[in-house]
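Examination of the molecular architecture
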Amino acid sequence: MDKTLTILLNRGPFVSEYADLAVKMALKAREKGHNVNLYCYVDGVWAPHVKAEKPYENVGRLLREALDKGVNVKMCARCADARDVSSQDTIEGIPQVGLFDFIDWMKESDKVVTFTG
Amino acid sequence: MAEDIKQPAETDEECADCVVDVAALKARREAQGERENTWSALIMLTRGTYGHWDDAFSAVQVGNAVLAVEEAATMLLVGDGVYFAVKGQDPSGIGLANNTNYILDFLDLGGRMLVLGTSLEKRGLSLDDLLEGVDVITPARMASEVAQHNASVTF
């Protein structure tokens, strides 16, 4: 039976592996047929900011793959505003939303996993 | 109702529900009688309050948002997170806002705040150093608290 996994990402890319691991977990869970939500919170809003193609492994490429495979991705609007992360600067298909979207995801999930550090 | 406070946020527009409207919540709670929660969230804070300010602030915002949708929330402070509940905080000298009001709001709204005793002791602190309404728990109790909640997140 399909289950729902929600992943909370609190950290940005490159300075640690958390962002990559969060999206890789999302992809693996989708591969197994589960519903997956990924909420970028606090410094996690920097992950969708990795928008351009790069000649090396990066979280932006992973996020685009995740969106293509049906992972639901949203980011915290307050956190984005505080960091001047605008929707024009981020990967298309990742809306800036309020915290209640994450609370709704938590409530409908079988498991919630946090990537922080 | 929760919908009065829970407004959808449009992309790049001012976000009405990004910071929980505690005053509106308190007014609604006062108008309500006793209620039973069917779902609960545990929010674990492992970071010191100032210097990792957005972690602490964001953690308590999650707690208040859970309370806003009529569910139960517990904050569990472990490691350096215990500093979050210390009374008499005054970070004005370093230009940061005091967290105390956020904690008092969380407690007023019916949230529970627990501190791991061993983390507290290792930092030379005790229950007397904490804000009123905060409880100190053992590691065994911490395990049972984690098990009792439907979901947990960590900051």
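Values in this document were obtained by computation on a predicted structure and should not be read as measured data.

Section: the overall build of chain A
Per the secondary structure count, chain A includes four helices and five strands. When the helices and strands of chain A are placed in sequence order, the string is β-α-β-α-β-α-β-α-β. A buried classification covers 53% of the 117 residues belonging to chain A. Pairs at least 24 apart in sequence give 75% of the contacts found in chain A among residues at least 6 apart.

Thoughts on the interface of chain B and chain A
Each partner contributes to the interface: chain B provides 24 residues, whereas chain A provides 23 residues. Secondary-structure elements contributing two or more residues to the side of chain B that touches chain A are α3 (53-68) and β5 (151-154) of chain B. Looking at the side of chain B that touches chain A element by element, the count peaks at seven residues for α3(B). For the side of chain B that touches chain A, the class distribution of residues is 14 nonpolar, five polar and five charged.

Considering the sheet that holds strand β2 (residues 35-40) of chain A
All names here are of chain A. Reading across the sheet, the five strands line up as β4-β3-β2-β1-β5 and stay open at both edges, with parallel pairing between neighbours. In this open sheet, the two edge strands, each paired with only one partner strand, are β4 (96-97) and β5 (111-115). Summarising the sheet, strand β1 (residues 4-9) and β2 pair through six bridges and their orientation is parallel. Its bridge partner lying in β2, L9 is registered against C40. The strands that helix α1 (residues 18-31) touches are β1, β2 and β5; relative to β1, the one it contacts most, it runs at about 170 degrees.

Some remarks on unusual backbone geometry
Residue and element names in this part refer to chain A. Backbone geometry places F14, a non-glycine residue, at a positive phi of 75 degrees. Tracing the sequence through the fold places F14 in the loop between β1 and α1. Residue F14 is classed as exposed on the basis of its 12 C-beta neighbours within 10 Å.

Considerations on the pairing of strand β3 (residues 112-116) of chain B
Residue and element names in this part refer to chain B. Summarising burial for β3: four of the five residues are buried, a large majority. When strand β2 (residues 72-77) meets β3, the two strands line up parallel, connected through four bridges. Residue L76 lies in a different strand from β3, and its bridge partner there is L114. In this sheet, strand β4 (residues 134-137) lies alongside β3 in parallel orientation, the contact comprising four bridges. For L114, the partnering residue across the bridge sits in β4 and is D135. Once you follow β3 into helix α5 (residues 117-122) and on to β4, the crossover reads as right-handed.

Here we look at the environment of L38(A)
Residue and element names in this part refer to chain A. As for its position among the elements, L38 is in strand β2. Judged by the 27 C-beta atoms lying within 10 Å of it, L38 is buried. Once the C-alpha coordinates of L38 and D89 are considered, the two residues, 51 residues apart in sequence, prove to be 19 Å apart. When sequence neighbours within four positions are dropped, the list of residues in contact with L38 reads I7, L9, A22, V23, A26, A66, V71, N72 and V73.

Let's talk about the nonpolar core
Counting residues in each nonpolar core, the largest one holds 82 residues, and the members touching the most others are L9(A), L38(A), I43(B), L77(B) and V115(B). For this core, the leading source of residues is α3(B), giving eight residues. Apart from the residues within four sequence positions on either side, L9(A) is in contact with Y18(A), A19(A), A22(A), L38(A), Y39(A), C40(A), Y41(A), G44(A), A47(A) and F115(A).

Concerning the sheet that holds β5(B)
All names here are of chain B. Read from one edge to the other, the open sheet built from five strands follows the order β4-β3-β2-β1-β5, with strand pairing classed as parallel. Each having just a single partner strand, β4 and β5 make up the two edges of the open sheet. For this sheet the average axis-to-axis angle between neighbouring strands, irrespective of direction, equals 25 degrees.

Observations concerning the packing of α1(A) against helix α2 (residues 59-68) of chain A
Residues and elements named next belong to chain A. Contact geometry for α1 and α2: axes closest at 9 Å, N-to-C directions at 20 degrees. The pairing of α1 with α2 is recorded here as roughly parallel in orientation. The way α1 lies across α2 gives a crossing that is left-handed. Listed contacts from α2 to A19, D20, V23, K24, A26 and L27 of α1 are V59, L62, L63, E65 and A66. Partitioning the contact of α1 with α2 into residue classes produces eight nonpolar, no polar and three charged.

How each quantity is defined
Residues numbered from 1 in each chain as written. Chains lettered and ligands numbered in written order. Predicted model: local features only at pLDDT ≥ 70, side-chain atom pairs only at ≥ 80, totals over all residues. Helix = DSSP H or I, 4+ residues; strand = E, 2+ residues; numbered from the N terminus. Buried ≥ 20, exposed ≤ 12 C-beta atoms within 10 Å, placed from the backbone. Contact = placed C-beta atoms within 7 Å. Nonpolar A, V, L, I, M, F, W, Y, C, P; charged D, E, K, R; others polar. Pairing = 2+ DSSP bridges. Axes fitted to C-alpha atoms, helices over the stretch in contact; angles between N-to-C directions. Right-handed = clockwise from strand over helix to strand, strands pointing away. Core = buried A, V, L, I, M, F, W, Y, C linked by C-beta atoms within 7 Å. Parallel < 35°, antiparallel > 145°, perpendicular 65-115°, else oblique. Left-handed = near helix turned anticlockwise from the far one by under 90°.

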